[in-house]
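Here is what each chain is made of, one letter per residue.
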Amino acid sequence: MADEQEGLLPIANVGRIMKEILPPSAKISKEAKQTIQECATEFINFVTGEASDRCHKENRKTVNGDDICWAPSNLGFDNYAEAMATYLHKHREYERERYRKSNNQTLATTSGDCKDDEELHFRIEEQQVRQVETRQSLAPLEFQFIDKGKGSTSEPA
């Protein structure tokens, strides 16, 4: 059993995410959690593999966040790619602000040139975030619900 679970997302985390979108009274079977766990893990591996292939072709050894954001678009998952890029830019902005707050005194004692370079870099990143945020809004996701013995139906999320 432990060998089967190795390399998969933690089942508790998968269950917690599933519960967030369901009504409080909803129950989730162990089989459903395991199925989503396997699918989500496979999807992550699929996207990561595509990003890794890109890095290999470009003779790079490190996969970065931009590579991960590029991969879904290349695989035909444009909606995911846009959402991931937006999240990555917001995450970088948050980390940069957190770094600034923690190093506030250090920045005050550095030369003005270094501070100006950092400010320029920050402004460029801010502009990139705004460009991503002002893109066309994402189309609603569609989920396929399949009932054994019956056809499937699509419902927007």
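Coordinates for the structure precede this section.
Residues numbered from 1 in each chain as written. Predicted model: local features only at pLDDT ≥ 70, side-chain atom pairs only at ≥ 80, totals over all residues. Heavy atoms only, no water.

**Description of the overall build of the protein chain**
Note the cut-off: Secondary structure elements are taken from DSSP: a helix is a run of H or I of four residues or more, a strand is a run of E of two residues or more, and numbering for both begins at the N terminus. Burial classification: accessible surface area is computed with a 1.4 Å probe over protein chains only, and a residue below 20% of its type maximum counts as buried, one above 50% as exposed, and the rest as partly exposed. Only heavy atoms matter for contacts: two residues are in contact if any of them lie within 4.5 Å across the pair. Using the Shrake-Rupley algorithm and a 1.4 Å probe, accessible areas are obtained, with residue cover drawn only from the displayed protein chains.
Looking only at helices and strands, one finds seven helices and two strands in the protein chain. In sequence order, the protein chain lays out its α and β elements as α-α-α-α-α-α-α-β-β. When the 157 residues of the protein chain are sorted by exposure, 17% land in the buried category. By sequence separation, contacts in the protein chain at least 24 residues apart represent 39% of the contacts at least 6 residues apart. On the protein chain, roughly 12400 Å² of surface is accessible, and the fraction owed to carbon and sulfur atoms is 53%.

**Observations concerning the packing of aromatic side chains**
The criterion, for reference: Working definition: a ring pair exists when centres of Phe, Tyr or Trp rings (six-membered ring for Trp) sit within 6.5 Å. Plane angles under 30 degrees give stacked, over 60 give edge-to-face, the rest tilted.
Summed over the entire model, instances satisfying the criterion amount to three aromatic pairs. Each ring, one from F43 and one from F77, has its centre 5.2 Å from the other, and the planes form 85 degrees; the classification is edge-to-face. In this pair, F43 sits in helix α3 (residues 30-57) while F77 sits in the loop between α4 (65-74) and α5 (78-102), placing the two residues 34 residues apart along the sequence. What makes F43 partly exposed here is its relative accessible area of 27%. Overall, F77 belongs to the partly exposed group, its relative accessible area being 29%. When the ring of F43 is compared with that of Y80, the centres are 5.6 Å apart and the planes differ by 50 degrees; the resulting orientation is tilted. Separated by 37 residues along the polypeptide, F43 in helix α3 and Y80 in helix α5 bring together distant segments of the chain. One aromatic cluster in this structure is built from F43, F77 and Y80.

**Description of the pattern of salt bridges**
Pairing between side chains of opposite charge can happen when the charged atoms of each approach one another. In plain terms, the rule: By definition here, a salt bridge exists when the distance from a side-chain nitrogen of Lys or Arg to a carboxyl oxygen of Asp or Glu is within 4 Å.
Taken as a whole, this structure holds six salt bridges when the rule is applied. Between R54 and E58 there is a salt bridge, with the nearest N and O atoms lying 3.3 Å from each other. With relative accessibility at 24%, the residue R54 sits in the partly exposed group. Note on E58: relative accessible area 42%, which makes it partly exposed. Close ionic contact of D66 with R92 constitutes a salt bridge, the shortest N to O distance being 3.3 Å. Taken as a pair, D66 in helix α4 and R92 in helix α5 lie far apart in primary sequence, 26 residues in all. Residue D66 is classed as partly exposed on the basis of its relative accessible area of 38%. Exposure remark for R92: the relative accessible area of 24% places this residue in the partly exposed category. Via salt bridges that share partners, R54, E58, R60 and D67 belong to a single interconnected network.

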